[in-house]
Amino acid sequence: MSDVGLTLDDFWVSRITSYNACASLIMVFWDWLITLGDEINMVWKIPHARVAKWVYIFLRYGAIGFQIFNMIFVLRMETYAPIHNTHCKLWLSYQGVVCQTMSTLVEGLLMMRVYLLWNRNRKIALALFGLVALEMCAMVSGAKMVIPDQRMNDLCMFSKPPIGAIFFMIAFIVTQTVVIILLLARRSAAYRFGWNRVPLYMIVVRDAKIMFLVIFSLFLTGIVYMLVGSGHGGTIFYWTVSMLSICGCRTILNSHKLPSSSRTSSVCLTTDIWIENESEHSSHTSQMEPDQ
């Protein structure tokens, strides 16, 4: 039991939290239902040795499992029976691990495509790896500030928003911003080499933009909540799990739709991207695998 008692506002925040946890669970489950046909036709046929298949399974079914567990814990909070402080710390640790794992996998999907678009440039690879490492450091630093905090009440809610959680949100936004900049920086090359007519390139750019807008809006809302001292900042976690799951799974599904759609289209579609080596003024083809 915490030394911080409950107030009327705590009961209201707890109820709002339960609504958000339920809504985010419904959203990720609904997205699973409407994409189940594509999943059966595409993902289930991917060889077990392909990493993309296991990434999809984790992002889809892991997220559903996480959200069900979240709902169970929130319902436990709704009983308003005191929760031991040790369990609260484990709950916060669980949130950090889930967010970092899912964000790393989703970012990895886009970063691999950025790496290929930049002709497997080692400097780009190192920069992207450094961003992921920086993000992990931000998560660890934020966790060290948040988890030992004793300002949690009996429902595992902070009496004051944990500012340390902002570190991870800012790091994630920075990473997504750099990925978008790297994609858009190849726009001139896209028009020069005809990539703007390549479906895979257009899908990569579109998915990256959508993901950036969704996560940026979500985390910006969380940052504002915490800076103004609102107790609703904790609801961002539930929506983060759902949004990362949906964005990651749809990124994989969208790239795998290309082969089937190209057979029915009257337009010649290809996933080959022609890249010119500017130093040697020679060109070669870089094959982009949809499941990388």
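Turning to the overall build of the chain, a few remarks are in order. On a plain count of helices and strands, the chain comes out with 10 helices and two strands. Tracing the chain from N to C terminus, the helices and strands come up as α-α-α-α-α-α-α-α-α-α-β-β. Relative to its 292 residues, the chain shows a buried fraction of 49%. The long-range fraction of contacts in the chain, counting pairs at least 24 apart against all pairs at least 6 apart in sequence, stands at 78%.

Here we come to the nonpolar core. Met 102, Leu 128, Phe 219 and Phe 237 are the most contacted members of the largest nonpolar core, which totals 72 residues. For this core, the elements supplying multiple residues, two or more each, are helix H1 (8-34), helix H3 (51-78), helix H4 (85-117), helix H5 (122-146), helix H6 (165-185), helix H8 (199-227) and helix H9 (236-256). It is H4 that provides the largest number of residues to this core, a total of 13 residues. With sequence-adjacent residues up to four places away left out, Phe 219 is seen in contact with Phe 168, Met 169, Phe 172, Ile 173, Ile 236 and Thr 240.

For Tyr 80, which is not a glycine, the phi torsion comes out positive at approximately 65 degrees. Its place among the elements puts Tyr 80 in the loop between H3 and H4. Note on Tyr 80: relative accessible area 25%, which makes it partly exposed. Non-glycine residue Arg 120 carries a positive phi angle of around 55 degrees.

As a further point, take the side chain of Thr 240. Following the sequence through the fold, Thr 240 ends up in helix H9. When sequence neighbours within four positions are dropped, the list of residues in contact with Thr 240 reads Cys 99, Leu 218 and Phe 219.

So, on to the packing of H3 against H4. Contact pair H3 / H4: the axes reach a minimum separation of 11 Å and the direction vectors enclose 155 degrees. The pairing of H3 with H4 is recorded here as roughly antiparallel in orientation. Judged by the sense of rotation from one axis to the other, the crossing of H3 with H4 is left-handed. Side by side, H3 and H4 meet where Val 55, Phe 58, Leu 59, Ala 63, Phe 66, Phe 69, Asn 70 and Phe 73 of the first sit next to Trp 91, Tyr 94, Val 98, Thr 101, Met 102, Leu 105, Val 106 and Leu 109 of the second. Broken down by class, the residue content of the contact of H3 with H4 amounts to 14 nonpolar, two polar and no charged.

Here the structure, examined in full by the defined rule, presents 15 aromatic pairs. A centroid spacing of 5.1 Å and a plane angle of 70 degrees characterise the contact between Phe 69 and Tyr 94, whose relative ring orientation is edge-to-face. Taken together, the positions of Phe 69 in helix H3 and Tyr 94 in helix H4 put the pair 25 residues apart, joining distant regions of the chain. When the ring of Phe 237 is compared with that of Tyr 238, the centres are 5.4 Å apart and the planes differ by 65 degrees; the resulting orientation is edge-to-face. Its relative accessible area of 3% is what places Tyr 238 among the buried residues. Members of the aromatic cluster, joined through ring pairs, are Phe 58, Phe 66, Phe 69, Phe 73, Trp 91, Tyr 94, Phe 237 and Tyr 238.

Conventions and cut-offs
- Residues numbered from 1 in each chain as written.
- Predicted model: local features only at pLDDT ≥ 70, side-chain atom pairs only at ≥ 80, totals over all residues.
- Heavy atoms only, no water.
- Helix = DSSP H or I, 4+ residues; strand = E, 2+ residues; numbered from the N terminus.
- Buried < 20%, exposed > 50% of the residue type's maximum accessible area, 1.4 Å probe, protein only.
- Contact = heavy atoms within 4.5 Å.
- Core = buried A, V, L, I, M, F, W, Y, C linked by side-chain atoms within 4.5 Å.
- Axes fitted to C-alpha atoms, helices over the stretch in contact; angles between N-to-C directions.
- Parallel < 35°, antiparallel > 145°, perpendicular 65-115°, else oblique.
- Left-handed = near helix turned anticlockwise from the far one by under 90°.
- Nonpolar A, V, L, I, M, F, W, Y, C, P; charged D, E, K, R; others polar.
- Phe/Tyr/Trp six-rings, centres within 6.5 Å; stacked < 30°, edge-to-face > 60°.

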